[in-house]
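Understanding the architecture of this molecule
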Amino acid sequence: MSSANGLDVRLYVVTDPALTPADRLAEMCVAAVRGGATLVQLRDKKAPDGELAAMAAGLARALAPWRVPLVVNDRLDVAAATGSGVHLGVHDATPAQARARLGHEAIVGLSVEAPEQLDPERIDPASLAACSYLAASPVCETPTKIDTLAPLGLAGVTAIRRRSTVPLVGIGGINTPQRAAEVIAAGAAGVAVVSGVFAAPDPQEAARALRAAVDDALARRRDQP
Ligand SMILES: Cc1ncc(COP(=O)(O)OP(=O)(O)O)c(N)n1
Ligand SMILES: Cc1ncsc1CCOP(=O)(O)O
Ligand SMILES: [Mg+2]
């Protein structure tokens, strides 16, 4: 089930070199996709551009039969070179720059760390319009990424949802089906997960359980008057 702009963000898996080493990257992401992941992000803060581009190209080939899109974290050049989408944060290129570089069909995502970041006086309207999705980041504290602002909590997810017109995912500490369901009930269209899938003993089964919880929570939300 896609959002209004056609992007399916229900279960967004994000890689981590500590959990998804290069020699198992494609296999682990395909397992997550078999379990129900709808979007994959290649996130490696340290790999040089050339190495990251090679990983992105291999991963894109592995995902192609599943028709699951690939997004590269931070690196606009690598995204452009591999035909991938890009995820950006406050320290990265702007969404407007990414849209100009990658074209109108590309996936461009943006982290939102506080609802006020979406106030019209705080964000360039061209950048907001360039986003395919937003990520409420982080929802909960997580050891996977410690250089964050204070966690948004579920109230923060709801506040960001009220200010956004594109699909919203929550990220950070969403490592149980119960937590995923709460984030959807708070207004997100999907959840983005690192350790909840890739540190699990069986990533395919972990993805299946998270995706089932997301789908169930979305159905409950639609049923509300
Ligand atoms: C889906 C998703 N949401 C948030 C982030 C974090 O991006 P950013 O704030 O730029 O931090 P780094 O990931 O670059 O450390 C993300 N990568 N993906
Ligand atoms: C990349 C990122 N951005 C915000 S929190 C986070 C890490 C989320 O990891 P986990 O799903 O293991 O809590
Ligand atoms: Mg970033």
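Residues numbered from 1 in each chain as written. Chains lettered and ligands numbered in written order. Predicted model: local features only at pLDDT ≥ 70, side-chain atom pairs only at ≥ 80, totals over all residues. Heavy atoms only, no water.

With an unreviewed UniProt entry as reference, the protein is termed Thiamine-phosphate synthase, source organism Phytoactinopolyspora halophila. Per its UniProt entry, the protein bears the Sequence similarities (unreviewed entry) comment "Belongs to the thiamine-phosphate synthase family." The record in UniProt for the protein states the following under Pathway (unreviewed entry): "Cofactor biosynthesis; thiamine diphosphate biosynthesis; thiamine phosphate from 4-amino-2-methyl-5-diphosphomethylpyrimidine and 4-methyl-5-(2-phosphoethyl)-thiazole: step 1/1." (UniProt positions renumbered as here; feature names shortened; annotations may be inferred.)

1. Things to note about the site of ligand 2
Neighbouring ligand 2 are Arg43, Ser137, Thr142, Thr144, Lys145, Ile171, Gly172, Gly173, Val193, Val194 and Ser195. Here an oxygen atom of ligand 2 and a backbone polar atom of valine 194 are 2.9 Å apart. Within the side chain of serine 195, one N or O atom sits 2.5 Å away from an oxygen atom of ligand 2. Using a 2 Å cut-off from the grid points, one finds that ligand 2 occupies the largest pocket. Tallied by class, the residues present in the shell around ligand 2 amount to three nonpolar, six polar and two charged. (Near = heavy atom within 4 Å. Polar contact = N/O pair within 3.5 Å; in protein donor to acceptor, adjacent residues only side chain to side chain. 1 Å grid on protein atoms, 1.4 Å probe; cavity = no way out; pocket = protein on both sides within 12 Å on 5 of 7 lines; lining within 4 Å. Sits in = over half its atoms within 2 Å of the grid points. Nonpolar A, V, L, I, M, F, W, Y, C, P; charged D, E, K, R; others polar.)

2. Quick word on helix 7 (residues 177-185)
Along helix 7, the positions that sit buried rather than exposed are Ala180, Val183 and Ile184. One side of helix 7 holds all its buried residues, which, seen down the axis, span an arc of 100°. Exposed positions of helix 7 whose direction lies more than 90 degrees from the buried face are Gln178 and Ala185. Those residues of helix 7 that are buried lie in contact with helix 6 (153-163), strand 7 (168-171), strand 8 (190-193) and helix 9 (203-223). (Buried < 20%, exposed > 50% of the residue type's maximum accessible area, 1.4 Å probe, protein only. Helix = DSSP H or I, 4+ residues; strand = E, 2+ residues; numbered from the N terminus. Arc of directions from axis to C-beta. Contact = heavy atoms within 4.5 Å.)

3. Focus: the pattern of salt bridges
Within this structure, the stated rule accounts for 11 salt bridges. Note that lysine 45 is salt-bridged to aspartate 74, the shortest N-O span being 2.6 Å. Taken together, the residues span a long stretch of sequence, with lysine 45 in the loop between strand 2 (39-42) and helix 2 (49-63) and aspartate 74 in the loop between strand 3 (70-73) and helix 3 (76-82) at a distance of 29 residues. Taking relative accessible area as the criterion, lysine 45 reaches 48% and is therefore assigned partly exposed. For aspartate 216, the salt bridge is made with arginine 220, and the minimal N-O distance between the two is 3.1 Å. One end of the pair, aspartate 216, and the other, arginine 220, are both in helix 9, four residues apart, so they sit about a helical turn from each other. Residue classification places aspartate 216 among the partly exposed residues on the basis of a relative accessible area of 37%. What emerges from the salt-bridge pattern is a single network uniting Asp8, Arg10, Arg211 and Asp215. (Salt bridge = Lys/Arg side-chain N within 4 Å of Asp/Glu carboxyl O.)

4. Some details on the layout of surface pockets
Put simply, the largest pocket is a space of about 620 Å³. Along its surface, the largest pocket is lined by 35 residues, and Arg43, Ser111, Ser137, Lys145 and Thr148 are the ones closest to its centre. Those elements giving two or more residues to the lining of the largest pocket turn out to be strand 1 (11-14), strand 4 (85-88), strand 7, strand 8 and helix 8 (195-198). Counted by class, the lining of the largest pocket contains 13 nonpolar, 15 polar and seven charged residues. Here the second largest pocket defines a volume of roughly 230 Å³. In terms of lining, the second largest pocket is formed by 15 residues, of which the most central are Val90, Pro95, Leu110, Arg122 and Ile123. The element best represented in the lining of the second largest pocket is strand 5 (residues 108-112), accounting for three residues. Across the lining of the second largest pocket, the residue classes tally to seven nonpolar, five polar and three charged. (Points joined across faces, edges and corners; volume = space filled by probe spheres on them.)

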